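Coordinates in review
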Amino acid sequence: MNLKNADILSIDQFEKADIAEIFSVAAAMEPYAHREKITRVLEGAILGNIFFEPSTRTRMSFATSFQRLGGAVYEVADLSSTSLVKGESLYDTSRVMENYVDLFVVRHPTQGAVQDFAKATSRPLISGGDGTGEHPTQALLDLYTIMKEQDRSFDQLDGLSIAMVGDLKHGRTVHSLTKLLSLFKNIRFTWIAPEALKMPDSILEEARQLGHHVHQTEDFKMGIAKADVIYMTRLQEERFTSKEEARLHRGRYSLNRRTYEQCCSPKTLILHPLPRDQRANEIDMDLNDHPALGIFRQAANGIPIRMALFAMILDVYPFK
Amino acid sequence: MNLKNADILSIDQFEKADIAEIFSVAAAMEPYAHREKITRVLEGAILGNIFFEPSTRTRMSFATSFQRLGGAVYEVADLSSTSLVKGESLYDTSRVMENYVDLFVVRHPTQGAVQDFAKATSRPLISGGDGTGEHPTQALLDLYTIMKEQDRSFDQLDGLSIAMVGDLKHGRTVHSLTKLLSLFKNIRFTWIAPEALKMPDSILEEARQLGHHVHQTEDFKMGIAKADVIYMTRLQEERFTSKEEARLHRGRYSLNRRTYEQCCSPKTLILHPLPRDQRANEIDMDLNDHPALGIFRQAANGIPIRMALFAMILDVYPFK
Amino acid sequence: MNLKNADILSIDQFEKADIAEIFSVAAAMEPYAHREKITRVLEGAILGNIFFEPSTRTRMSFATSFQRLGGAVYEVADLSSTSLVKGESLYDTSRVMENYVDLFVVRHPTQGAVQDFAKATSRPLISGGDGTGEHPTQALLDLYTIMKEQDRSFDQLDGLSIAMVGDLKHGRTVHSLTKLLSLFKNIRFTWIAPEALKMPDSILEEARQLGHHVHQTEDFKMGIAKADVIYMTRLQEERFTSKEEARLHRGRYSLNRRTYEQCCSPKTLILHPLPRDQRANEIDMDLNDHPALGIFRQAANGIPIRMALFAMILDVYPFK
């Protein structure tokens, strides 16, 4: 695979061997991610970190990754205070900004808008998430985390059993992660969601067609038993048309230490794309110091993964 | 001309030879602007990019230009979330911030405020636009674009025929560009605007006194015929006291491919200071891929022009 | 003292010798602060400049200080547009962000919140002010300014006479500066405030117990006479529960050239943590060019002080 000058818009664009390569470059980035080594391979390069929707952690993770490679970051995070209020099209925004940056990261609340932005420009672009669509780099760092946390080799991801819990309808991270895991063999998905928030049918079809085992349930305790990985998600309240409807589901599934120890084997890894919503308490604070709680190391893994993508797209790896 | 430590506040401060020099430095900046070459001449220097009024493109263009020279950028873009709400004067803001930066770029909605900010500080300052006043760096990049796009030498700008269209009353870019072109000989201005949005009289007087030809009309098609350059502008709706009045003029002049091909010679260059307002459609999307549409290359030219000013003001050109 | 990897949360954590050491490192930073020398000792390092409350000058001062050492800055200044609206706890914010930065600066409107943020993370953290609590780096730069402006040696700070004026109840800078001065001998405090805005009792007790002289008064002119330093403060209107109550005190104490020349010796130094509120006119504009007005040099001194702390915490001083 050659990612030089490529866009990263969807997990669909990757084959299994591509993922292996990205993970191998990510592993090489680790000492730079933790600043044990310093590089300036991206000296003089500028990242346009363009967010049409609130975000802190994803935005900051991309920015840090670029800076750790020696590049500079320019952020536009509050597009309401910009020329969009003056009636500018997304096409123009993209074509103008491409003169000011070497690479884009774009998040947008509307599904398809990131693709439109990418189409307008000749600069490479990484999606930072589009509406309820995809969030490809999150899926990459999620899988990288599973591999590292469970001491699996890449091929030992075959046969993984994963429970995905919560708002599977709106959560773009579970959409992308399901696609990514589907590249492997014999994955055992358990999707735990209320009827109204089930995983979209198209994703179900695709996973089944590829020969994976999918079990759907509303029963949390039954669902998480025997999973290698529990992937909790936040209720995406901002995606609901009615706040009252969103509130109905708040707190529906909550994992605490007692439930975990009662239902799961001690090696079961707990992940969450973050932020945790403390009003809904998807993962209780009493698990904060539990070794199975991988959520903060998961956040940390975003850095080497995103550094790897930057380095491959801008063609500076291996470092001279 | 020696721009060392100088403020850039108005086109009035330049003579024709100064412009030639800035353009020649800008040409030398091009390989750095496109990152074909890398420099760190401004290492350790900090730009204070201070915007009291929304802007993306101008702000980003200044920031990129400074970063391409190896400098760091500190931005204050939303002054409402700052100490101005605590009752601070512009004088104090300027005197305090000067301790944190090596050079200022300032935009302000009130005419004269940028000058006041500059007067308070001993640091050099470049105006990023003040109210309906001036926008000197935009005029420089506009003229630089005309020269490049039409393969003219600097002296071949004499005799240029330019049609300026739209909100000529509030548009500070046409004010500055008219002043700049007036340094040359025998410019043929055609100003196309509704009666209520005509170019201010003071600018008209000045252009005529300098011996240029000015024709004012409300007739778009007649006006743009025979122009070497059509300079479309956006209706500055935020400058109107009444929204209803602004709406009256929206969409008054719109250039599309058909009109262009019908009225203009194929070499006629289309410019616009951007953003294009898609509600008003000053330049139709059907011209997006037309070679005469110079608007995105025009935006790109902001980088070498602003790099040139930074390098001259901070006295790092020629690079060692 | 070894500040390596330390948090800076309160003046209480310092002994007198520590302050002397910080000031000595700050003095060594001066040529870098003014960019007479350039260093990149913090190359590749990232500062997380996290402000949960509006600020320009403090935020910018920390950012500049880090950049002058060659580091990069990532700012989160408007936490409302972030995942806090998605229900994230301060604990999670701290633990997630620690993966993206090498050092934190945090300001928060709630007293104790900065400490909570620091407790959650293993990264070093410098307080940028918490509610009406403390603002330790401001106190350091205030004292450093007094020393420099009055040509005192460190030990000559003993016996200083200082008048603190205004909203002494809510002003965290006067709380921290009082604590800091209390490390010296025989300080003569004059606290000038309306009854409702007096210095908190706990701070009064502490200063008296340490043997300092404290005089409290509402009489401005009497209070500032014989002071070596007049420390004016802004009415912290945003800390009042009722705007009407705040307005009652606005403009209560105002220092102008006439009052200054009438009451004070010509060597009396005028300080203010800034911003000056021009509605309240704590220090009149007619003193702007007076040599006794130290407020802008005071703002400038924030740079070497903060550079010193960064360099000591990240263990890069002395520079190699």
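What counts and what doesn't
Residues numbered from 1 in each chain as written. Chains lettered and ligands numbered in written order. Predicted model: local features only at pLDDT ≥ 70, side-chain atom pairs only at ≥ 80, totals over all residues. Heavy atoms only, no water. Least-squares fit on C-alpha atoms with pLDDT ≥ 70 in both. Contact = heavy atoms within 4.5 Å. Pairing = 2+ DSSP bridges. Helix = DSSP H or I, 4+ residues; strand = E, 2+ residues; numbered from the N terminus. Axes fitted to C-alpha atoms, helices over the stretch in contact; angles between N-to-C directions. Core = buried A, V, L, I, M, F, W, Y, C linked by side-chain atoms within 4.5 Å. Buried < 20%, exposed > 50% of the residue type's maximum accessible area, 1.4 Å probe, protein only. Disulfide = S-S within 2.5 Å. Domains from an automatic or database assignment. Buried area = accessible area lost by both parts, 1.4 Å probe. Salt bridge = Lys/Arg side-chain N within 4 Å of Asp/Glu carboxyl O. Nonpolar A, V, L, I, M, F, W, Y, C, P; charged D, E, K, R; others polar.

Overlay of chain C on chain B (RMSD 0.0 Å): rotation 120 degrees, translation along the axis 0.0 Å. What the rotation and shift describe, once combined, is the action of a three-fold rotation axis. In terms of C-alpha distance to the rotation axis, chain C has Ala72(C) as its closest residue, with the C-alpha 4.8 Å off the axis. Interface residue correspondence from chain C to chain B reaches only 3%, placing this contact among heterologous pairings that use different surfaces.

Residue and element names in this part refer to chain A. Pairing is parallel in the open sheet, where five strands are placed in the order 7-6-5-8-9. Looking at the sheet topology across the chains shown, the edges are occupied by strand 7 (213–217) and strand 9 (269–271). Direction aside, the axes of adjacent strands within the sheet are offset by 15 degrees on average. Taken together, the five bridges between strand 5 (residues 161–165) and strand 6 (residues 188–192) define a ladder with parallel strand orientation. Each bridged residue has a counterpart across the sheet, and for Ser 161 the counterpart in strand 6 is Arg 188. Of the strands in this sheet, strand 5, strand 8 (229–232) and strand 9 are in contact with helix 5 (residues 136–149), which crosses strand 9 at around 160 degrees.

Here is a general trend for soluble globular proteins: nonpolar side chains tend to be buried in one another's company. Counting 106 residues, the largest nonpolar core has Phe23(B), Ile162(B), Met164(B), Trp191(B) and Ile224(B) as the members making the most contacts within it. Of all the elements, helix 11 (residues 295–313) of chain B adds the most residues to this core, at 12 residues.

A separate point is the state of the cysteines. All names here are of chain A. Applying the stated rule across the entire model yields zero disulfides over all chains. Cys 263 carries a free sulfur, and the closest cysteine sulfur to it, the one in Cys 264, is 5.6 Å from it. For Cys 264, a relative accessible area of 10% corresponds to the buried category.

This brings us to the domain arrangement of chain A. Residue and element names in this part refer to chain A. Splitting chain A by domain gives domain 1 (11–134 + 302–313) and domain 2 (136–299). Each side of the interface is counted separately: domain 1 has 32 residues, and domain 2 has 28 residues. With both chains or domains summed, domain 1 and domain 2 bury close to 2,400 Å², and 63% of this area falls on carbon and sulfur atoms. Put simply, Glu 53 and Arg 172 hold a salt bridge, and the shortest N to O gap is 3.3 Å. Those elements giving two or more residues to the side of domain 1 that touches domain 2 turn out to be helix 1 (16–33), helix 2 (57–68), strand 3 (103–108), strand 4 (125–130) and helix 11 (295–313). When residues in the side of domain 1 that touches domain 2 are grouped by element, the largest group, eight residues, is from helix 1. Here the side of domain 1 that touches domain 2 is built from residues that sort into 15 nonpolar, seven polar and 10 charged.

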